Amino acid sequence: MRHMNLQRSDLLRVVVVGGGIGGAELVRNAATKEGLELVLVEPKDRIECQALYPDYLGGRIEMEEMTAPLDPFCKKMNAVHLKDRALRIDFADKRVTCEKNDLDYDILVLAPGAVQNYFGVKGAEKAFSINTLEDTVEARRFVEKKRPKKIAIIGSGPTGIETACFLAEDSNCTIYVIEMMNRLLPTLSKNASILMEKILTGKGVEVLTKKKVDSIRDGGVTFADESSLDCEMAIWTAGIRPAPLIENLGLPKKNGWLLCDQYLRVQGYEDVFAIGDCAWIEIGGKLATKTGMEAEIQAKHTARNLARVAKGTDLKPYSIRASTESPVALITTGCGCAVGIYGDLCVPIPKRIIYTFKSWIDKSFVKRFK
Ligand SMILES: Cc1cc2nc3c(=O)[nH]c(=O)nc-3n(C[C@H](O)[C@H](O)[C@H](O)COP(=O)(O)OP(=O)(O)OC[C@H]3O[C@@H](n4cnc5c(N)ncnc54)[C@H](O)[C@@H]3O)c2cc1C
């Protein structure tokens, strides 16, 4: 173990764990504030925009458009990129232990995100997934090389739906969307479910609701009701759980996610903030969604609060923008179109302009770091 020999200065050292949407956006915003020294702990070389993974799988975009290199970005921000993975945190000594280094912090920001949840389903971990860049690259290679004729997509959240729509553009392939609940997009409104079922069936996608997957094997999926479906490719998109680092930390949690106060600090820990997917943020009866949009706004707010910590002034409470009670979603429906959903409202017909807007938001996010 090497002790990270960063010279301590008079500046407040902020260590950010995780350089995804939340962590990288926090560094970008905090870099403009005075009195902060920024260290980003992230094992990957690049910032990735996960919202573009389905487009990549569908062959619509290439790697450069959905990722940006971290080192030049951190250099430009006058921040240190420590290419390492945090393993443990000593909150009493204010020290982060990583695989190759350990380092001290004044303030810690936890933003390690989430990983795919397989809910203990037998064989699910061997199915394809598009939760990480590596998984998405592997899935695209398989589609392009093997040209599967039958693909089962497990999970009908926005990711599962977008994946189905892109893959359905190949008319030689039959796509099945499998959902355990009684409707598609179960975390969005009933109107959204009805609309999406119409869109998918219109594209020839087979929608199977109330179908709980019991196991996945090479060549097919078996359901809890003992029926089965043969397919050449199964893609698991059903659910996330906290990053392993979070699971190992003895901090206050709700359903495994880090429990935050109204300032986005972990409850009871004045010098530890948590943002993005890893955090459980419930303020004023609203619960924050686990979306890139929320992670980005939380990062901006936290950067402003870090400047207040450096100045010794009072923190400002956070106000949730995208809550679970009125979620906002732009969902790509293939063929260059997308639909917009806000709470109970949805645009009834997929539109090119909505896809152009969604694509612009996602690609401009990446461009900011270049
Ligand atoms: C396929 C897909 C499509 C999506 N589409 C949309 C969309 O259209 N709109 C939307 O708003 N949201 C979308 N999301 C959700 C959005 O991507 C996430 O909510 C967002 O990325 C959360 O940001 P984050 O910073 O919390 O986590 P992430 O962006 O996942 O970043 C976490 C980072 O932490 C790093 N890390 C993990 N553990 C450690 C450790 N121990 N030490 C150091 N670093 C660590 C990881 O390498 C990663 O880089 C999508 C997600 C997926 C998977």
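Note that the structure is a prediction, hence the values are computed from the model and not measured. (Residues numbered from 1 in each chain as written. Predicted model: local features only at pLDDT ≥ 70, side-chain atom pairs only at ≥ 80, totals over all residues. Heavy atoms only, no water.)

**Q** Where do I start with the overall build of the protein chain in this structure?
**A** In terms of regular secondary structure, the protein chain is built from 10 helices and 29 strands. What you see for the protein chain is a C-alpha radius of gyration of 21 Å, in line with the 21 Å of a compact globule of 370 residues. For the protein chain, the spread of C-alpha atoms along the three principal axes comes to 65 × 45 × 35 Å. A buried classification covers 54% of the 370 residues belonging to the protein chain. Intrachain contacts of the protein chain at a sequence separation of at least 6 include 63% that bridge at least 24 residues. (Helix = DSSP H or I, 4+ residues; strand = E, 2+ residues; numbered from the N terminus. Rg over C-alpha atoms; globule rule 2.2 N^0.38 Å. Buried < 20%, exposed > 50% of the residue type's maximum accessible area, 1.4 Å probe, protein only. Contact = heavy atoms within 4.5 Å.)

**Q** Is there a simple way to explain the sheet that holds strand β21 (residues 253-254) in this structure?
**A** Adjacent strands of a sheet pair through backbone hydrogen bonds, lying either parallel or antiparallel. Here 3 strands make up an open sheet; going across it, the order is β21-β22-β24 and the pairing mixed. Only two strands of the sheet have a single partner each, and these edge strands are β21 and β24 (279-280). (Pairing = 2+ DSSP bridges.)

**Q** Where do I start with the site of the ligand in this structure?
**A** Around the ligand, the structure places 30 residues, and the nearest of them are Gly22, Glu42, Gln50, Ala86 and Asp277. In this structure, Glu42 approaches the ligand through a side-chain N or O atom, which is 2.7 Å from an oxygen atom. Between the ligand and Ala86 there is a distance of 2.9 Å, counted from a nitrogen atom to a backbone nitrogen or oxygen. Expressed as a share of its isolated accessible area of 1000 Å², the protein-covered part of the ligand is 87%. Contributing elements (two or more residues each) for the shell around the ligand: α1 (21-30) and α9 (292-311). Of all the elements, α9 adds the most residues to the shell around the ligand, at 3 residues. Class assignment of the residues belonging to the shell around the ligand gives a composition of 12 nonpolar, 11 polar and 7 charged. (Near = heavy atom within 4 Å. Polar contact = N/O pair within 3.5 Å; in protein donor to acceptor, adjacent residues only side chain to side chain. Areas by Shrake-Rupley, 256 points an atom, 1.4 Å probe, with all protein chains shown as cover. Nonpolar A, V, L, I, M, F, W, Y, C, P; charged D, E, K, R; others polar.)

**Q** Can you help me understand the sheet that holds strand β29 (residues 345-346) in this one?
**A** The strand order β27-β28-β29 describes an open sheet built from 3 strands, whose pairing is antiparallel. The open sheet is flanked by β27 (328-334) and β29, the only strands paired with a single partner. The strands that helix α7 (residues 190-202) touches are β27, β28 (337-342) and β29; relative to β28, the one it contacts most, it runs at about 165°. (Axes fitted to C-alpha atoms, helices over the stretch in contact; angles between N-to-C directions.)

**Q** How should the pairing of strand β3 (residues 36-41) be read in this particular structure?
**A** Working note: regular strand, side chains alternate between the two faces of the sheet. With 6 of its 6 residues buried, β3 lies for the most part within the structure. Both faces of β3 are covered, namely the face carrying Leu36, Leu38 and Leu40 and the face carrying Glu37, Val39 and Val41. In this sheet, β3 lies alongside strand β2 (residues 12-17) in parallel orientation, the contact comprising 6 bridges. Considered in β3, the bridge of Val14 is made with Leu38.

**Q** What is the right way to read the packing of α1 against α9 from this model?
**A** Helix-helix packing is described using two parameters, namely the angle between the two axes and the distance between the axes. Two numbers describe how α1 lies on α9: the axes approach to 8 Å, and their chain directions differ by 35°. Crossing handedness for the pair α1 and α9: right-handed. Contacts between α1 and α9 involve Ile21, Gly22, Glu25, Leu26, Arg28, Asn29 and Ala30 from the first element and Gly292, Ala295, Glu296, Ala299, Lys300, Thr302, Ala303 and Leu306 from the second. The class makeup of the residues in the contact of α1 with α9 is 7 nonpolar, 4 polar and 4 charged. (Left-handed = near helix turned anticlockwise from the far one by under 90°.)

**Q** For this particular structure, what's the right way to read helix α5 (residues 133-146)?
**A** An α-helix turns once per 3.6 residues; consequently, residues spaced three or four apart project the same way. For α5, built from 14 residues, the straight-helix expectation of 20 Å at 1.5 Å per residue is met to within 8% by its first-to-last C-alpha distance of 20 Å. Once α5 finishes, Arg147 follows within two positions and takes phi at roughly 45°, a positive value. (Expected span 1.5 Å × (residues − 1).)

**Q** What is the right way to read the environment of Gly204 from this model?
**A** One can find Gly204 in the loop between α7 and β15 (206-208). In this structure, the C-alpha to C-alpha distance between Gly204 and Glu134, residues 70 residues apart in sequence, is 29 Å.

**Q** Mind showing me how you'd approach the side chain of Glu296 here?
**A** Among the structural elements, Glu296 can be located in helix α9. Given the relative accessible area of 15%, Glu296 is considered buried.

**Q** Can you walk me through the UniProt feature "domain: FAD/NAD(P)-binding" (unreviewed entry) in the protein chain in this structure?
**A** UniProt feature "domain: FAD/NAD(P)-binding" (unreviewed entry): in the numbering of this structure it lies at residues 13-290. When the span residues 13-290 is considered, its composition is 24% helix and 32% strand, and the gap between its end C-alpha atoms is 27 Å. (UniProt positions renumbered as here; feature names shortened; annotations may be inferred.)

**Q** Can you help me understand the nonpolar core in this one?
**A** A general feature of soluble globular proteins is that nonpolar side chains tend to end up buried together. Val15, Val96, Leu108, Leu110 and Ile281 are the most contacted members of the largest nonpolar core, which totals 71 residues. Every residue in contact with Leu110, bar those within four places of it in the chain, is listed here: Val17, Ile89, Leu245, Leu249, Leu251, Leu258, Val272, Phe273, Ala274, Ile275 and Cys278. The next biggest cluster of nonpolar side chains, apart from the first, holds 31 residues, and it includes Ile175, Val177, Val207 and Val339. (Core = buried A, V, L, I, M, F, W, Y, C linked by side-chain atoms within 4.5 Å.)

**Q** How should α9 be read in this particular structure?
**A** The terminal C-alpha atoms of α9, which comprises 20 residues, lie 29 Å apart, in line with the 28 Å expected from a rise of 1.5 Å per residue. Of the residues one or two after α9, Gly312 is the one with positive phi, at around 80°.

**Q** Would you take a moment to explain the pattern of salt bridges for this structure?
**A** Side-chain pairing between opposite charges can occur once the charged atoms of the two side chains come close. Applying the stated criterion across every chain, the model contains 24 salt bridges. A salt bridge links Glu162 to Lys358, with the nearest nitrogen and oxygen atoms 4.0 Å apart. One end of the pair, Glu162, is in helix α6 (residues 158-167); the other, Lys358, is in helix α10 (residues 352-367), and 196 residues separate them in sequence. Here Glu162 falls in the buried class, since its relative accessible area comes to 5%. Here Lys300 and Glu296 are joined by a salt bridge, their closest N and O atoms 3.4 Å apart. Residue Lys300 and its partner Glu296 are located together in helix α9, separated by 4 residues, close to a single helical turn. (Salt bridge = Lys/Arg side-chain N within 4 Å of Asp/Glu carboxyl O.)

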